[in-house]
Amino acid sequence: MANHKSALKRIRANEAKRLRNRYQAKTTRTFIKKLKHTTDKAEAQELLKKVSSMIDKLAKKNIIHKNNAANKKSSLTKFVNAIA
């Protein structure tokens, strides 16, 4: 257990950040699943804009790696373009 006041504060701050990051990542995953189950092209394109923005925000905050974000966006764009 931490002995210093600053270390205790750091533990609290890290926990708050961990929960926030987890919430944002989980929300993004949920939207990705929603996009994958969409069959309507217009709806999929709207969702893609929203999901791409969410993925960019995760990458900007280093919650996911920037290359991981690029790969996700690329595969989702391919998926949306393939919808008839």
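Below or above, wherever it landed, is the structure these notes cover. Given the structure is predicted, the values throughout are model-derived calculations rather than measurements.

Let's talk about the pattern of salt bridges
Then, in step 1: Scanning the entire structure with this criterion turns up three salt bridges.
Then, in step 2: Lys49 is the partner of Glu46 in a salt bridge, and the nearest nitrogen-oxygen pair spans 3.9 Å. Linking Glu46 with Lys49, this pair stays in helix 2 (residues 41–60), spanning three residues, or about one helical turn.
Then, in step 3: For Glu46, a relative accessible area of 52% translates into the label exposed.
Then, in step 4: Its relative accessible area of 59% is what places Lys49 among the exposed residues.
Then, in step 5: Residues Lys73 and Asp56 are paired through a salt bridge, measuring 2.8 Å at the closest nitrogen-oxygen approach. Taken together, the residues span a long stretch of sequence, with Lys73 in helix 3 (residues 66–82) and Asp56 in helix 2 at a distance of 17 residues.
Then, in step 6: For Lys73, a relative accessible area of 26% puts it in the partly exposed group.

A short note on the packing of helix 2 against helix 3
Then, in step 1: At their nearest, the axes of helix 2 and helix 3 sit 10 Å apart, and the two run at 180° to each other. One way to sum up the angle between helix 2 and helix 3 is to call them roughly antiparallel. Contacts between helix 2 and helix 3 pair Lys41, Ala44, Gln45, Leu48, Val51, Ser52, Ile55, Asp56 and Ala59 from the former with Lys66, Ala69, Lys72, Lys73, Leu76, Thr77, Val80 and Asn81 from the latter.
Then, in step 2: The class makeup of the residues in the contact of helix 2 with helix 3 is eight nonpolar, four polar and five charged.

Quick look at the packing of aromatic side chains
Then, in step 1: Applying the stated rule across the entire model yields zero aromatic pairs.
Then, in step 2: Above the face of the Phe31 ring, Lys34 is positioned so that its terminal group lies 4.7 Å from the ring centre.
Then, in step 3: Here the guanidinium or amino end of Lys36 rests over the ring plane of Phe79, the centre of that ring lying 4.9 Å away.

Notes on helix 2
Residues lying three or four places apart along an α-helix face the same way, a consequence of the helix completing one turn every 3.6 residues.
Then, in step 1: For helix 2, which comprises 20 residues, the first-to-last C-alpha distance of 28 Å matches the rise-based estimate of 28 Å (1.5 Å per residue) to within 8%.
Then, in step 2: For helix 2, every residue scored as buried is listed here: Ala44, Leu47, Leu48, Val51, Ser52, Met54, Ile55, Leu58 and Ala59.
Then, in step 3: Contacts from the buried residues of helix 2 go to helix 1 (5–36) and helix 3.
Then, in step 4: Following helix 2 by one or two positions, Asn62 has its phi on the positive side, about 60°.

Things to note about a positive patch on the surface
Then, in step 1: Together, Lys9, Arg10, Arg12, Lys17, Arg20, Lys57, Lys60 and Lys61 give the surface a local cluster of positive charge.
Then, in step 2: Contributions of two or more residues to the positive patch are made by helix 1 and helix 2.
Then, in step 3: Among the elements that make up the positive patch, the one with the highest residue count is helix 1 (five residues).
Then, in step 4: Positionally, Lys17 belongs in helix 1.

Cut-offs applied
Think of each chain on its own: its residues are numbered from 1, step by step along the sequence as written. The predicted origin of the model limits local features to residues at a pLDDT of at least 70 and limits the giving and counting of side-chain atom pairs to 80 or more, whereas totals for whole chains, interfaces and linings rest on all residues. The side-chain values count all of the structure's non-hydrogen atoms but skip hydrogen atoms and water molecules. By convention in these notes, a salt bridge is any Lys or Arg side-chain nitrogen within 4 Å of a carboxyl oxygen on Asp or Glu. Every helix listed is a DSSP run of H or I at least four residues long, and every strand listed is a run of E at least two residues long, numbered separately from the N terminus. We call a residue buried when its accessible area falls under 20% of the maximum for its residue type, exposed when it is over 50%, and partly exposed in between, using a 1.4 Å probe and counting protein chains only. Whenever a helix is involved, its axis is fitted only over the stretch in contact; in every case the axis is a line through C-alpha atoms, and angles between N-to-C directions fall within 0 to 180 degrees. Convention used here: angles under 35 degrees read as roughly parallel, angles over 145 as roughly antiparallel, angles from 65 to 115 as roughly perpendicular, and any remaining angle as oblique. Any two residues whose heavy atoms approach within 4.5 Å at even a single point are treated as in contact. Under the scheme applied, nonpolar residues are Ala, Val, Leu, Ile, Met, Phe, Trp, Tyr, Cys and Pro; charged residues are Asp, Glu, Lys and Arg; polar residues are all the others, including Gly. For this analysis, a ring pair means two rings from Phe, Tyr or Trp (six-membered ring only for Trp) whose centres lie within 6.5 Å, classed as stacked if their planes differ by under 30 degrees, edge-to-face if by over 60, and tilted for the remaining angles. By definition here, charges over rings are those cases where NZ of Lys or CZ of Arg is within 6 Å of the ring centre and within 35 degrees of the ring normal. To estimate how far a helix should extend, the number of its residues minus one is multiplied by 1.5 Å. The patches reported here contain residues having more than 30% relative accessible area and no salt bridge. Joining distances are 9 Å for like charges and 5 Å for nonpolar side chains (Val, Leu, Ile, Met, Phe, Trp, Tyr). Throughout, the Shrake-Rupley method with a 1.4 Å probe supplies accessible areas, and for residues the shown protein chains are the sole cover considered. For the purpose of counting charges, residues Lys and Arg are taken to be positive, whereas Asp and Glu are taken to be negative. His and the chain ends are not included. Where a charge lies is defined by one atom per residue type: Lys uses NZ, Arg uses CZ, Asp uses CG and Glu uses CD.

Structural measurements only, silent on function.
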